[in-house]
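Spelled out from the first residue to the last, the chains are:
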Amino acid sequence: MNLEEYKGVYVYAQQVDNQISGISYELLGKAKELAEPLNADVTAVLIGSGVKDLADSLAEYGADKVIVVDDPELKDYRTEPYAHALASVINEFKPEIVLVGATAIGRDLGPTVSARVATGLTADCTVLNIGDFPLQPVPGQEQKHNQLLMTRPAFGGNTIATIACPNNRPQMATVRPGVMQKIEPIKGAKAEVIEYNPGFTPDNRYVTIKEIVKAVSDTVDIMDAKILVSGGRGVGSPENFKILEDLAAAIGGTVSCSRAVVDAGWKPKDLQVGQTGKTVRPNVYFAIGISGAIQHVAGMEESDIIVAINKDEDAPIFDVADFGIVGDLNKIVPALTESIKAELEKK
Amino acid sequence: MKVIVCIKQVPDTKGGVKFNPDGTLDRAAMLAIMNPDDKAGLEAALRLKDEYGAEVTVLTMGLPKATDVLREALAMGADKAILITDRRLGGADTWATSSTIAAGIRNLDYDLIITGRQAIDGDTAQVGPQIAEHLQIPVISYTQELKIEGDKVIVKRQYDDRYHVLEAKMPCLLTALSELNDPRYMTPGGIFDACQAEITTWSRDDLKDLDDANIGLAGSPTKIAKASDKVRKGAGEKVVPESPDEAVSYIVSKLKEKHVI
């Protein structure tokens, strides 16, 4: 493998139902930063059926080029035709770096493609930099420059590791949604659009989609909320979430929850914060009746202000809370709602 | 019908995380358990055994002490257990691990392979799809439900805002979510039998079609540049108010101080 042949920072521009996913714009923002020291272009890889029109919005968020793989076989996400599309683009265009969102799609597509093109893949990254590997010079070992350094949590968020892929190309990472910043869109920006179709021949690895069932949810995406009122098992029942909804309404926030609440069937999965849910970083995070398992904390500890209410004085949530209140949520939360309403009326 | 379940022994990070006095993770003090997603995968396989008489083989790669999770799987009802263990395989990343496990699976007959979605130590979710890629079979990740229809498997596959019902022809590989089921307990008879059962052990030399360039630390494309235990920002204030009103005034004063209200 001639590493010098591989150039450019590529982003898998995930789309679902021909709508670009937010993670795609976040990745483009990061790719632009990474491309600068490398003096490279940013290329978005757009895969789907009838998706060509989406190229302009990718340009507005920072793509210099857009490679479009458009084919009827690619109508809805399936591992095989999508992996074939992305792997073929990599083999044809030879990027130096490929970023994929760590979504339920990207965490399937990424490993399949990286194995197919025989390179490394670092999962669920939260920090990406360009730097040297090894970080410090080691006698007898070549120090390589301009490497992608990929930082990720492991052990349920208890440890962090920085990983490089010095001898294989492309360097591939999946990136957690909600962590990287998108750029302010440049209205009217245009990218060079390259259409590419490697050909799709269904075989035994093409699965059949028999049914698609979309979750019905009219709620705000918790990743965009400035204030989250989050409930755990301690809330006691689905009905009792009413007191959290009232608080959220009073303070202009959105309700979210812990995994225990989703597992109990009280709230839908898209409201779940944590390792297997969403990573959030609101201005204020209310953790109400949430014990604070490490997997939960991993998804919310970057919040600016954390207010925890829990009756168990030893709950681990108090280890990360800025303001911890030991007490009965059933008494405190409704009174807090009334008090906040009164404060806001004064203004 | 033959089902292979890939399982991993992991430190229990759920709630039982222990720290050394210097703040680093105390791995020795943590329990080693069967990875929860893998256990759901095993339960799914055992239900295929109950329903269709499937033969269930569990396979793991790890240190010799990983036999503990294989014996647990046997005690739950698995028929055969295989341990892949060899110093030369140590330090493997997901590419090297999946290359190695795929080579082990090539020694076996199978209709279905089930892995967990991800392990709670690495959280990568990469090894399952990569095994499928090495074996050139279809993969369905994030399995919420599954059933068998003839030579096909019908799977409810979870996505962020929806699920797809997918049909794949066997042989194929599924990665299981913990939500798939509630795994059964070991039975006393099962535990007794599992203690006596023979566990097949394979070394590097038992794995065919496996290039030395793709195994162990040296065969891993990804290299660790730095690893450290995470420094958390630490606890702020904690108060134990006498009354709900006192609690409310405390929170409201803090929200005002921070210009939230």
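Residues numbered from 1 in each chain as written. Chains lettered and ligands numbered in written order. Predicted model: local features only at pLDDT ≥ 70, side-chain atom pairs only at ≥ 80, totals over all residues.

## Here's the deal with the overall build of chain A
If you tally the helices and strands in chain A, you get eight helices and 18 strands. Its C-alpha atoms give chain A a radius of gyration of 22 Å, within 12% of the compact-globule value 20 Å for 347 residues. In terms of its C-alpha atoms, chain A occupies a principal-axis envelope of roughly 65 × 55 × 45 Å. Taken over 347 residues, chain A has a buried fraction of 54%. Counting only contacts in chain A whose residues sit at least 6 apart along the sequence, the fraction spanning at least 24 positions is 66%. (Helix = DSSP H or I, 4+ residues; strand = E, 2+ residues; numbered from the N terminus. Rg over C-alpha atoms; globule rule 2.2 N^0.38 Å. Buried ≥ 20, exposed ≤ 12 C-beta atoms within 10 Å, placed from the backbone. Contact = placed C-beta atoms within 7 Å.)

## Re the sheet that holds strand β7 (residues 139–149) of chain B
One open sheet accounts for ten strands, arranged β13(A)-β9(B)-β8(B)-β7(B)-β10(B)-β6(B)-β1(B)-β4(B)-β5(B)-β11(B); its pairing is mixed. Edge positions in the sheet fall to β13 (208–214) of chain A together with β11 (200–202) of chain B, since each of these pairs with one other strand and no more. On average, each strand axis in the sheet is inclined to that of its neighbour by 30°, with strand direction left out of account. Taken together, the three bridges between strand β5 (residues 80–84) of chain B and β11(B) define a ladder with parallel strand orientation. Within the sheet, the bridge partner assigned to B:I82 lies in β11(B) and is B:T200. (Pairing = 2+ DSSP bridges. Axes fitted to C-alpha atoms, helices over the stretch in contact; angles between N-to-C directions.)

## A word on the interface of chain A and chain B
Chain A puts 76 residues into the contact, and the matching count from chain B is 68 residues. Here the side of chain A that touches chain B takes eight residues from helix α8 (residues 329–346) of chain A, the largest share from any one element. Residues that form the side of chain A that touches chain B fall into these classes: 41 nonpolar, 19 polar and 16 charged. Across six bridges, β13(A) lies against strand β9 (residues 162–169) of chain B in antiparallel orientation. (Nonpolar A, V, L, I, M, F, W, Y, C, P; charged D, E, K, R; others polar.)

## As for the environment of A:I194
All names here are of chain A. Locating I194 in the fold gives a position in strand β12 (residues 192–195). Through-space distance from the C-alpha of I194 to that of V45 is 9.6 Å; in sequence the pair is 149 residues apart. Every residue in contact with I194, bar those within four places of it in the chain, is listed here: K65 and I67.

## Quick word on the sheet that holds strand β12 (residues 223–229) of chain B
Taking strand neighbours across the sheet as the criterion, the four strands line up as β8(A)-β9(A)-β10(A)-β12(B) in an open arrangement whose pairing is antiparallel. The outermost strands of the open sheet, each flanked by one partner alone, are β8 (127–133) of chain A together with β12 of chain B. Going across the sheet, the axis of each strand differs from the next one's by a mean of 30°, ignoring polarity. Each of β8 and β9 (144–154) of chain A touches helix α1 (residues 22–38) of chain A; the most contacted strand, β8(A), lies at about 20° to it.

## Thoughts on the packing of α8(A) against helix α6 (residues 244–257) of chain B
Two numbers describe how α8(A) lies on α6(B): the axes approach to 9 Å, and their chain directions differ by 50°. Considering their axes alone, α8(A) and α6(B) lie oblique with respect to each other. The handedness of the crossing between α8(A) and α6(B) is right-handed. The segment α8(A) lies against α6(B), with A:K331, A:I332, A:A335, A:L336, A:S339, A:I340 and A:E343 engaging B:P244, B:D245, B:A247, B:V248, B:I251 and B:V252. Grouping the amino acids of the contact of α8(A) with α6(B) by side-chain chemistry returns nine nonpolar, one polar and three charged. (Parallel < 35°, antiparallel > 145°, perpendicular 65-115°, else oblique. Left-handed = near helix turned anticlockwise from the far one by under 90°.)

## Quick word on the environment of A:E80
By the element assignment, A:E80 lies in helix α3 (residues 79–93). Looking at A:E80, the number of C-beta atoms within 10 Å reads 19, which means it is partly exposed. A C-alpha to C-alpha distance of 17 Å links A:E80 and A:A13, two positions 67 residues apart in sequence. Not counting residues up to four positions away in its chain, the partners in contact with A:E80 are A:R205, A:Y206 and B:P138.

## Some points on the domain arrangement of chain A
All names here are of chain A. As far as domains go, chain A holds domain 1 (3–195) and domain 2 (222–346). A C-alpha centroid distance of 33 Å is found between domain 1 and domain 2. Listed as interface residues are eight residues of domain 1 and, on the opposing side, ten residues of domain 2. Partitioning the side of domain 1 that touches domain 2 into residue classes produces three nonpolar, four polar and one charged. (Domains from an automatic or database assignment.)

## A closer look at α6(B)
The first and last C-alpha atoms of α6(B) sit 20 Å apart over 14 residues, in line with the 20 Å expected at 1.5 Å per residue. Within α6(B), the full set of buried residues consists of B:A247, B:V248, B:I251 and B:L255. Seen along its axis, α6(B) keeps its buried residues to an arc of 95°; they face one direction. Pointing more than 90 degrees away from the buried face of α6(B) are the exposed residues B:S253, B:K256 and B:E257. Against β17 (305–310), β18 (323–326) and α8 of chain A lie the buried residues of α6(B). Positive backbone phi, at 60°, marks B:H259, one or two positions downstream of α6(B). (Expected span 1.5 Å × (residues − 1). Arc of directions from axis to C-beta.)

## Structural notes on the nonpolar core
Core analysis: the largest hydrophobic core is formed by 69 residues, its most contacted members being B:V5, B:V58, B:A73 and B:C172. In this structure, A:Y10, A:A83, A:L109 and A:I163 belong to the second largest nonpolar core, which totals 63 residues. (Core = buried A, V, L, I, M, F, W, Y, C linked by C-beta atoms within 7 Å.)

## Digging into the environment of A:A173
Residues and elements named next belong to chain A. Here A173 is to be found in strand β11 (residues 171–175). Counting along the chain gives 131 residues from A173 to D304, while the straight-line C-alpha distance between them is 27 Å. Those residues in contact with A173 that sit more than four places away from it in its chain are L99, T122, C125, L128, L148 and M150.

## Notes on the pairing of strand β15 (residues 254–257) of chain A
Residues and elements named next belong to chain A. Where burial is concerned, the two faces of β15 agree: the one with T254 and S256 and the one with V255 and C257 are both buried. Pairing analysis gives four bridges linking strand β14 (residues 227–231) to β15, with the strands arranged parallel. Within the sheet, the bridge partner assigned to V229 lies in β15 and is V255. Once you follow β14 into helix α5 (residues 242–251) and on to β15, the crossover reads as right-handed. (Right-handed = clockwise from strand over helix to strand, strands pointing away.)

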